[in-house]
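Now for the letters of each chain:
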Amino acid sequence: VIDFLKEPGIYTIDLVSIADENGCNGHIIGDPATVEITSSLPRASFRSHQDEYIVVGGSKCIYIQTNGGGDFTIEVLHEETGKIDNVFGSNIINYSVYEHGTYTIKSVKNSYCEGTPFSPSSVKVIPIAYPSMSLVADKTISRDYSKLNVYKVDGVCSGISRKIGVELKGSPPFYVR
């Protein structure tokens, strides 16, 4: 066991001589071995330093930045559900999410070493509702639930304008035509 290869670099290990306990020299067979120690442990973080937004029912691509070389396996936890995704790749990884909540990098490793997540290791994904519009019901406006989006307005006379309340939901600004 060779235990002196702790610093990053390229090392050549060459067996120069071999002897048994009786002092007998043996014949050396084989070429030198080259060992490369990567410069850093694998690390991963989310590239975003701010909240991300996802349309309800849609998907969002969140980027994971890696350092340390090689192909990575990264465990990402969805805090609200407890679901863990194994994400694979190198350099900048496209990670698609389909639910809002907080995503946290729990572990990172490459082919050789276990590494550490670094900041930001969590990202919050905030839901954006699809915009919707509905009339505000009052004593003269009623909804016909047997039909989609049909309302009955009582007390409207021909040639006289009437104001009707409208409720808008989603993320403003809204553009209504």
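As a reminder, the structure under discussion sits directly above these lines.
Residues numbered from 1 in each chain as written. Predicted model: local features only at pLDDT ≥ 70, side-chain atom pairs only at ≥ 80, totals over all residues. Heavy atoms only, no water.

Peer 1: Can you help me understand the sheet that holds strand β10 (residues 116–117) in this one?
Peer 2: Taking strand neighbours across the sheet as the criterion, the four strands line up as β8-β5-β3-β10 in an open arrangement whose pairing is mixed. On the outer flanks of this sheet lie β8 (92–97) and β10, each paired with one strand and no other. Judged from the two bridges that link them, strand β3 (residues 43–46) and β10 form a sheet pairing that is parallel. By the bridge assignment for β10, Ala44 is matched with Pro117. (Pairing = 2+ DSSP bridges. Helix = DSSP H or I, 4+ residues; strand = E, 2+ residues; numbered from the N terminus.)

Peer 1: Got a minute to help me understand the sheet that holds strand β7 (residues 83–89) in this structure?
Peer 2: Read across the sheet, five strands follow the order β4-β11-β9-β6-β7 without closing on themselves; strand pairing throughout is mixed. Here the strands that pair on one side only, and so sit at the sheet edges, are β4 (52–55) and β7. Direction aside, neighbouring strands of the sheet carry axes that sit 30° apart on average. Where β4 lies against strand β11 (residues 122–128), four bridges are found, and the strand directions are parallel. Looking across to β11, one finds that Glu52 is bridged to Val125. (Axes fitted to C-alpha atoms, helices over the stretch in contact; angles between N-to-C directions.)

Peer 1: Would you mind going over the pattern of salt bridges with me for this structure?
Peer 2: Here the idea is simple: oppositely charged side chains can pair when their charged atoms come close. If you walk through the whole model with that rule in mind, you get two salt bridges. Where Lys60 meets Glu52, a salt bridge forms, and the shortest distance between an N and an O atom there is 3.3 Å. On the basis of relative accessibility, which here comes to 24%, the residue Lys60 falls in the partly exposed class. We classify Glu52 as buried; its relative accessible area is 16%. As a salt-bridge pair, Lys83 and Asp85 come within 3.5 Å of each other at their nearest N and O atoms. Look at Lys83 and you get partly exposed, because its relative accessible area is 46%. (Salt bridge = Lys/Arg side-chain N within 4 Å of Asp/Glu carboxyl O. Buried < 20%, exposed > 50% of the residue type's maximum accessible area, 1.4 Å probe, protein only.)

Peer 1: Help me understand the nonpolar core in this model?
Peer 2: The nonpolar side chains of a soluble globular protein tend to be buried, and buried together. Ranked by internal contacts, the top residues of the largest apolar core, which has 17 residues, are Phe46, Ile64, Ile74, Val76, Tyr95 and Tyr103. Residue assignment for this core shows that the elements contributing at least two residues are β3, β5 (60–67), β6 (72–78), β8, β9 (101–109) and β11. In this structure Ile74 touches Ala44, Ile64, Thr66, Asp85, Asn86, Val87, Ile93, Ile105, Ser107 and Val108, once residues within four positions along its chain are discounted. (Core = buried A, V, L, I, M, F, W, Y, C linked by side-chain atoms within 4.5 Å. Contact = heavy atoms within 4.5 Å.)

Worth remembering: the numbers are spatial, not functional.
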